Amino acid sequence: DQQVKQNSPSLSVQEGRISILNCDYTNSMFDYFLWYKKYPAEGPTFLISISSIKDKNEDGRFTVFLNKSAKHLSLHIVPSQPGDSAVYFCAASAPTGNQFYFGTGTSLTVIP
Amino acid sequence: DTAVSQTPKYLVTQMGNDKSIKCEQNLGHDTMYWYKQDSKKFLKIMFSYNNKELIINETVPNRFSPKSPDKAHLNLHINSLELGDSAVYFCASSQGTKETQYFGPGTRLLVL
């Protein structure tokens, strides 16, 4: 039973435009969310996080938005750069748990 | 210096063999993990150790046995390999079970 879902397996965006990657979750107890970026033949690397007490967190070109009522989060990258081309995973954890649940990832291609 | 390292990076072996994958982290973290990424790209936790003690043991065949000789190492031994074990195995570490995880580069296992 997959508690974190990324329904778009791939996304293509022109360089300089905004990339929006989406993530949905089913467990209303989740209170901490992460985005990871993964290049081919490498492990995932941490990108940005958000706690459920916030609805937005920004770090440079990356912004994560959290909509708790919709159980939805999104990652915005603006402006998108070719080096952003990678697979992006979202992950979530609950306060009572001791693990993160990962989505299946969205492959982003930024076209020069 | 690599923060989380895994060896080997690639492993091709026959069905029925026994193999080990090693993981080491030099971040001083107290928690280490093994994840399996299957053909559907789903990143699923297998095991987690905190201070050398097993804290997560998901539904994994008992052919898989993790061993943590110290806080910096978490090895994965797999007995009687099966075709379905073919996947990418990622090791990760974090400081505490709710903190950001740092991943190794992955071990690509192919069972023939």
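The sections below set out a description of the structure shown in this document. All values derive from a computational prediction rather than experimental measurement. (Residues numbered from 1 in each chain as written. Chains lettered and ligands numbered in written order. Predicted model: local features only at pLDDT ≥ 70, side-chain atom pairs only at ≥ 80, totals over all residues. Heavy atoms only, no water.)

### Some remarks on the overall build of chain A
Reasoning step 1: Along its length, chain A carries zero helices and 11 strands.
Reasoning step 2: The linear arrangement of helices and strands in chain A, starting from the amino end, is β-β-β-β-β-β-β-β-β-β-β.
Reasoning step 3: Taking 13 Å as the expected radius of gyration for a compact globule of 112 residues, we find that chain A reaches 13 Å, a close match to that expectation.
Reasoning step 4: Its C-alpha atoms give chain A principal-axis dimensions of about 45 × 30 × 20 Å.
Reasoning step 5: Per-residue burial over chain A gives 45% buried out of 112 residues.
Reasoning step 6: Within chain A, contacts between residues separated by at least 24 positions form 55% of all contacts whose residues are at least 6 apart in sequence. (Helix = DSSP H or I, 4+ residues; strand = E, 2+ residues; numbered from the N terminus. Rg over C-alpha atoms; globule rule 2.2 N^0.38 Å. Buried < 20%, exposed > 50% of the residue type's maximum accessible area, 1.4 Å probe, protein only. Contact = heavy atoms within 4.5 Å.)

### Considering the pattern of salt bridges
Reasoning step 1: Enumeration over the complete set of coordinates arrives at five salt bridges over all chains.
Reasoning step 2: With a shortest N-O distance of 2.8 Å, Asp-84 of chain A and Arg-61 of chain A are connected by a salt bridge. Of the two residues, Asp-84 of chain A is situated in the loop between β8 (72–77) and β9 (86–93) and Arg-61 of chain A in the loop between β6 (56–59) and β7 (62–67); the sequence distance between them amounts to 23 residues.
Reasoning step 3: Owing to a relative accessible area of 21%, Arg-61 of chain A belongs among the partly exposed residues under this scheme.
Reasoning step 4: Glu-82 of chain B is paired through a salt bridge with Arg-63 of chain B; the nearest N and O atoms lie 3.5 Å apart. Remark: Arg-63 of chain B occurs in the loop between β6 (53–57) and β7 (64–70) and Glu-82 of chain B occurs in the loop between β8 (73–78) and β9 (87–94); sequence separation between them is 19 residues.
Reasoning step 5: The buried category is assigned to Arg-63 of chain B, whose relative accessible area is 13%.
Reasoning step 6: One continuous salt-bridge network, built from bridges that share partners, spans Lys-37, Arg-61 and Asp-84 of chain A. (Salt bridge = Lys/Arg side-chain N within 4 Å of Asp/Glu carboxyl O.)

### Observations regarding the nonpolar core
Reasoning step 1: Core analysis: the largest hydrophobic core is formed by 24 residues, its most contacted members being Phe-33, Trp-35, Leu-73, Leu-75 and Tyr-88 of chain A.
Reasoning step 2: Contributions of two or more residues to this core are made by β3 (19–25), β4 (32–38), β5 (45–51), β7, β8, β9 and β11 (106–111) of chain A.
Reasoning step 3: Take this core: its biggest share by element is four residues, from β9 of chain A.
Reasoning step 4: Not counting the four nearest positions on each side in its chain, Leu-75 of chain A is found in contact with Ser-19, Ile-20, Leu-21, Trp-35, Leu-47, Ile-48, Phe-62, Thr-63 and Tyr-88 of chain A.
Reasoning step 5: Counting 19 residues, the second largest nonpolar core, distinct from the first, contains Leu-11, Ala-87, Tyr-89 and Cys-91 of chain B. (Core = buried A, V, L, I, M, F, W, Y, C linked by side-chain atoms within 4.5 Å.)

### Topic: the pairing of β7 of chain A
Both faces of the sheet carry side chains from a regular strand, because those side chains alternate between them.
Residues and elements named next belong to chain A.
Reasoning step 1: As paired strands, β6 and β7 are joined by four bridges and run antiparallel to one another. Residue pairing in the sheet places Glu-58 in a bridge with Thr-63 of β7.
Reasoning step 2: As defined by bridge partners, β7 adjoins β8 across six bridges and the pair is classed as antiparallel. By the bridge assignment, Asn-67 is partnered in β8 with His-72.
Reasoning step 3: Counted between consecutive antiparallel strands, the loop separating β7 from β8 contains four residues, among which Lys-71 sits at a positive phi close to 50°. (Pairing = 2+ DSSP bridges.)

### A few points about the sheet that holds strand β1 (residues 4–5) of chain A
Reasoning step 1: Taken together, five strands build an open sheet; the order of strands is β1-β3-β8-β7-β6 (chain A) and the sheet is antiparallel. Each having just a single partner strand, β1 and β6 of chain A make up the two edges of the open sheet.

### Concerning the side chain of Asp-85 of chain B
All names here are of chain B.
Reasoning step 1: By secondary structure assignment, the location of Asp-85 is in the loop between β8 and β9.
Reasoning step 2: Overall, Asp-85 belongs to the buried group, its relative accessible area being 4%.
Reasoning step 3: Among the polar contacts made by the side chain of Asp-85, one reaches the main-chain amide nitrogen of Glu-82 at a distance of 2.8 Å.
Reasoning step 4: For Asp-85, the contacting residues outside a window of four places in its chain are Lys-36, Arg-63, Phe-64, Ile-78, Leu-109 and Val-111. (Polar contact = N/O pair within 3.5 Å; in protein donor to acceptor, adjacent residues only side chain to side chain.)

### Considerations on the environment of Asp-55 of chain A
Residues and elements named next belong to chain A.
Reasoning step 1: The residue Asp-55 is located in the loop between β5 and β6 in this model.
Reasoning step 2: Along the chain, Asp-55 and Lys-68 lie 13 residues apart, while their C-alpha atoms are 8.0 Å from each other.
Reasoning step 3: Among residues more than four places away in sequence, those in contact with Asp-55 are Ile-50, Val-64, Phe-65 and Leu-66.

### Examining the interface of chain A and chain B
Reasoning step 1: Across the boundary between the two partners, chain A contributes 21 residues, which contact 21 residues of chain B.
Reasoning step 2: Buried surface at the junction of chain A and chain B, summed over both partners, amounts to about 1,700 Å²; 57% is from carbon and sulfur atoms.
Reasoning step 3: There are two residue pairs in polar contact (both at pLDDT 80 or more) connecting chain A and chain B.
Reasoning step 4: For the side of chain A that touches chain B, the elements supplying multiple residues, two or more each, are β4 and β9 of chain A.
Reasoning step 5: With four residues, β4 of chain A is the single largest residue contributor to the side of chain A that touches chain B. (Buried area = accessible area lost by both parts, 1.4 Å probe.)

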